[in-house]
Amino acid sequence: MRWSNTGAGLAFVALCCALGVLIATPQEDSAAGSQAVSSGTPPTESQKRTPEFFVMIDPSHGGNDKGAMFSGKLVEKDITLRLAREVRKELEERGIEVRLLRESDIDVSLDRRAEITNEQRAGIYIALHAGRPGKGVRVYTPLLTDAQQAQAGRFLPWETAQSVALSRSQNVAHAVSEELKKKGLTVANLGLPLRPLNNIAAPAIAVELAPDENDAQPLEGQKRQNAVATAIALGIVQIRSQAGARQ
Amino acid sequence: MIPRHFQITIALVLLAILISGIVIIRMTHKEEALTLQAAEVAPAAPMVGGKQEHIQLLLAYDEDQALRWRPADVFLPADRNLRARETLRSVLAQYLQMPSPHPLAKGADIKDVYFISDDTMIVDTTAQFADGHPSGILLEELTLASLIETLTANVPGITKVKFLVDGKERETLAGHADLMSFYQTAAVHELAKEFE
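Parameters and conventions
Residues numbered from 1 in each chain as written. Chains lettered and ligands numbered in written order. Predicted model: local features only at pLDDT ≥ 70, side-chain atom pairs only at ≥ 80, totals over all residues. Helix = DSSP H or I, 4+ residues; strand = E, 2+ residues; numbered from the N terminus. Rg over C-alpha atoms; globule rule 2.2 N^0.38 Å. Buried ≥ 20, exposed ≤ 12 C-beta atoms within 10 Å, placed from the backbone. Contact = placed C-beta atoms within 7 Å. Nonpolar A, V, L, I, M, F, W, Y, C, P; charged D, E, K, R; others polar. pLDDT = per-residue confidence, 0-100. Expected span 1.5 Å × (residues − 1). Pairing = 2+ DSSP bridges. Axes fitted to C-alpha atoms, helices over the stretch in contact; angles between N-to-C directions. Core = buried A, V, L, I, M, F, W, Y, C linked by C-beta atoms within 7 Å. Arc of directions from axis to C-beta.

Caption draft 1: Spatial organisation of the overall build of chain B. Scanning chain B from N- to C-terminus turns up five helices and six strands. Walking chain B from its N terminus toward its C terminus, one meets helices and strands in the order α-β-β-α-β-β-α-α-β-β-α. Its C-alpha radius of gyration of 23 Å places chain B more than 25% over the 16 Å reference for a compact globule of 196 residues. Across its three principal axes, chain B shows a C-alpha extent of roughly 80 × 35 × 35 Å. Counting only residues that meet the buried cut, chain B has 36% of its 196 residues in that class. Contacts in chain B between residues far apart in sequence, at least 24 positions, make up 65% of those at least 6 positions apart.

Shown next, in the form of C-alpha cells:
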C-alpha cells in the first residue's frame with residue numbers, strides 16, 4: 001500500500017516536472033498551425049468526391065496570422081472569412097459549388113493552401129484579402145515572366161504551376177473587375193508575384209478590399225461586402241464556361 | 001496514506017518547479033527585450049567610405065500608391081557588394097525619416113548582401129524590417145519593388161534577387177509579398193512601371 005502510494009507520488013512529481021518544462025518552453029507556432037490544419041479541416045463526404053466544377057474560396061490569413069490591422073479590433077483574417085462566407089452564399093444561390101479553405105480561425109500555410117486547391121482540382125481559386133492603402137477593390141492576377149511561362153509541361157514546377165492557367169486567370173480577373181465596376185466600386189487590376197497564386201494549377205486571382213476613410217460604407221460593412229461578393233459571383237458565372245475545362 | 005515527509009518533499013519540488021519556471025520566463029523576456037533594444041540602436045552594418053554619388057532612388061508613396069524616382073547624394077564604395085548594400089540602405093533611410101512617404105519600423109535595415117552568381121543577389125535584412133512591416137499586399141509589394149528597382153538602376157547586371165530576414169528564409173514579408181522565391185528584376189521592372 002505504502003509502495004503504491006509512493007509510486008503514485010513519483011508519477012505525480014514526474015507529471016509536474018513535464019508540466020513545468022512545457023510552461024517554460026516557448027511553443028512553435030508552425031507546429032501548432034499544422035496541427036490545426038490536419039485536425040481542423042477533415043474532408044467531409046462531399047469533399048471526398050470530386051465534383052465536375054467548384055470554386056475554391058480562400059479567406060486569407062487565420063490563427064496567429066492576423067494579416068492587416070485596422071481601426072479598433074478589426075483584423076484582416078476576420079474580414080476575409082466573413083467575405084468568403086458571403087461569396088459562397090452568392091455562388092451557391094447561382095448553382096455553383098463552393099469550398100472554403102478555412103471555415104474557422106486556424107493557421108494554414110500558403111503552400112498548404114495551394115496543395116489543397118491542386119489536390120482537390122478546383123475549377124477556380126479566389127484568395128480574399130483586405131488592406132491599406134487606397135480605396136475600392138484591387139484584383140490581382142499571378143505574375144510570371146516569359147521564361148517561367150515557357151516551363152509549362154506535363155510536370156509543373158511548384159513555383160510556376162500557374163503557367164498552365166495564366167491566361168484563364170486573367171480572364172477571370174477581367175470578368176470579376178467588370179462586375180465590380182458595375183456595382184460602382186473603384187477597381188484596380190495588377191499582376192503580382194503573390195503567393196500562393198503562382199503555385200496553383202488552375203485559374204487563380206486575389207481580391208483585396210481597401211478601406212476608404214471617406215467611404216460611407218466601412219470595410220466590414222454588410223452592404224459593401226454584399227456588393228463585392230455578388231460581383232465576384234457574377235464574374236465567375238460569366239467566365240465559368242471558359243474556365244471549366246473539366247466541366 | 002502518503003507519509004508526511006513525502007508530502008512535504010512533493011510540495012517543495014512543486015514550489016521549486018514553479019519558481020524556476022517563472023524565473024526562466026522572466027529571464028527569456030528580459031533577454032529578448034535587451035536584444036531588440038540593442039538591435040534598434042546599433043547599426044546592422046558598419047558605415048563605409050566611398051565617393052559621393054548623385055543617384056536616383058525609386059521611392060514608394062503610400063498616399064497615392066505610387067513609385068517615384070527621387071535624387072539623392074549617397075556615399076557609394078567601388079566594391080559591388082558594398083555598393084549594393086549602401087544603395088538599399090539609402091532607400092530604407094528615406095522611409096525611416098519623419099515624415100515618411102512609406103513608413104517602416106524602427107530598426108529596418110540591410111544586414112548584408114551576397115552575390116551567389118554574377119547576376120543573382122541575396123539581400124539579408126534585419127528582423128525589424130519584416131517584423132515591423134505594415135501588412136498589406138500593396139504596401140509590401142511597393143517596398144520590394146522600390147528596393148529592387150533602385151538596386152538594379154544603380155548596380156548593373158542583377159537579374160534575380162532574393163530576400164532573407166535575419167539570415168533565414170521567411171515565407172512572406174508581412175503576410176503577403178513572397179520572400180521564398182527569387183524576384184526576376186525584369187518582371188519587377190514591368191510591375192514598377194504600373195506604379196510610376
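On we go from here.
Caption draft 2: Spatial organisation of unusual backbone geometry. The linkage connecting Arg132(A) with the following residue, Pro133(A), adopts the cis geometry, with an omega of -10 degrees. Secondary-structure assignment places Pro133(A) in the loop between strand 3 (124-130) and strand 4 (136-142). A cis amide bond links Arg195(A) to the next residue, Pro196(A), at an omega of 5 degrees. Positionally, Pro196(A) belongs in the loop between strand 5 (187-192) and strand 6 (204-210). Although it is not a glycine, Gln65(B) adopts a positive phi angle of roughly 50 degrees. With respect to the helices and strands, the residue Gln65(B) is situated in the loop between strand 1 (51-61) and strand 2 (66-76).

Caption draft 3: Representation of the interface of chain A and chain B within the structure. Listed per partner, the contact involves 34 residues of chain A and 30 residues of chain B. In terms of residues, the side of chain A that touches chain B owes the most to one element, helix 1 (residues 2-24) of chain A, which gives ten residues. Residue composition of the side of chain A that touches chain B, grouped by class: 16 nonpolar, eleven polar and seven charged.

Caption draft 4: Representation of the confidence of the model for chain B within the structure. Residues and elements named next belong to chain B. Summing up the model confidence of chain B, the mean pLDDT is 89 and the portion of residues at 70 or higher is 91%. Across chain B, the element-wise mean pLDDT spans from 79 in helix 1 (residues 4-41) up to 97 in strand 4 (residues 120-125). Prediction confidence for the complex, expressed as pTM and ipTM, is 0.75 and 0.72 respectively.

Caption draft 5: Helix 7 (residues 166-182) of chain A, seen in detail. Residues and elements named next belong to chain A. Along its 17 residues, helix 7 runs 25 Å from first to last C-alpha, staying within 8% of the 24 Å computed at 1.5 Å per residue. Considered for burial, the residues of helix 7 that qualify are Leu166, Arg168, Ser169, Val172, Ala173, Ala175, Val176, Ser177, Glu179 and Leu180. At the exit of helix 7 stands Gly184, carrying a positive phi of roughly 80 degrees.

Caption draft 6: Main features of the sheet that holds strand 5 (residues 160-165) of chain B. Residues and elements named next belong to chain B. Read from one edge of the open sheet, four strands run 3-4-5-6, paired in mixed fashion. Where the open sheet ends on each side, the last strands, each with one partner, are strand 3 (110-117) and strand 6 (183-184). Here strand 3 pairs with strand 4 via six bridges, running antiparallel. Bridge assignment links Phe115 to a residue of strand 4, and that residue is Met121. The strands that helix 2 (residues 80-96) touches are strand 3 and strand 4; relative to strand 3, the one it contacts most, it runs at about 140 degrees.

Caption draft 7: Inspection of the sheet that holds strand 4 of chain A at higher detail. Residues and elements named next belong to chain A. The six strands are arranged 2-1-3-6-4-5 in an open sheet whose pairing can be described as mixed. Every interior strand has two partners, whereas the edge strands, strand 2 (97-100) and strand 5, have only one. Across the sheet, the axes of successive neighbouring strands diverge by a mean angle of 25 degrees, strand direction being ignored. Across six bridges, the pairing between strand 3 and strand 6 is parallel. Across the sheet, Leu128 pairs through a bridge with Val207, a residue of strand 6. Across the sheet, helix 4 (residues 76-93) lies against strand 1 (54-59), strand 2, strand 3 and strand 6, angled at about 140 degrees from strand 3, the strand it touches most.

Caption draft 8: Focus on the nonpolar core. Counting 101 residues, the largest nonpolar core has Val55(A), Ile126(A), Val176(A), Ile205(A) and Ile232(A) as its most contacted members. Leaving out residues up to four positions away in the same chain, Val55(A) has contacts with Leu91(A), Ile96(A), Val98(A), Ala122(A), Gly123(A), Ile124(A), Ile126(A) and Ile236(A).

Caption draft 9: Region of interest: the pairing of strand 1 of chain B. Residue and element names in this part refer to chain B. As paired elements, strand 1 and strand 2 share eleven bridges and run antiparallel to each other. For Glu53, the partnering residue across the bridge sits in strand 2 and is Val74. Where strand 1 hands over to strand 2, the hairpin turn is made up of four residues, of which Gln65 adopts a positive phi near 50 degrees.

Caption draft 10: Structural context of helix 5 (residues 185-195) of chain B. Along helix 5 of chain B, the residues classified as buried are Thr185(B), Val188(B), Leu191(B), Ala192(B) and Phe195(B). Down the axis of helix 5 of chain B, the smallest arc covering the buried residues is 115 degrees, so these residues share one side. Summarising the geometry of helix 5 of chain B, the exposed residues directed more than 90 degrees from the buried face are Glu190(B) and Lys193(B). For helix 5 of chain B, the elements touching its buried residues are strand 5 of chain A together with strand 1, strand 2, helix 4 (137-154), strand 5 and strand 6 of chain B.

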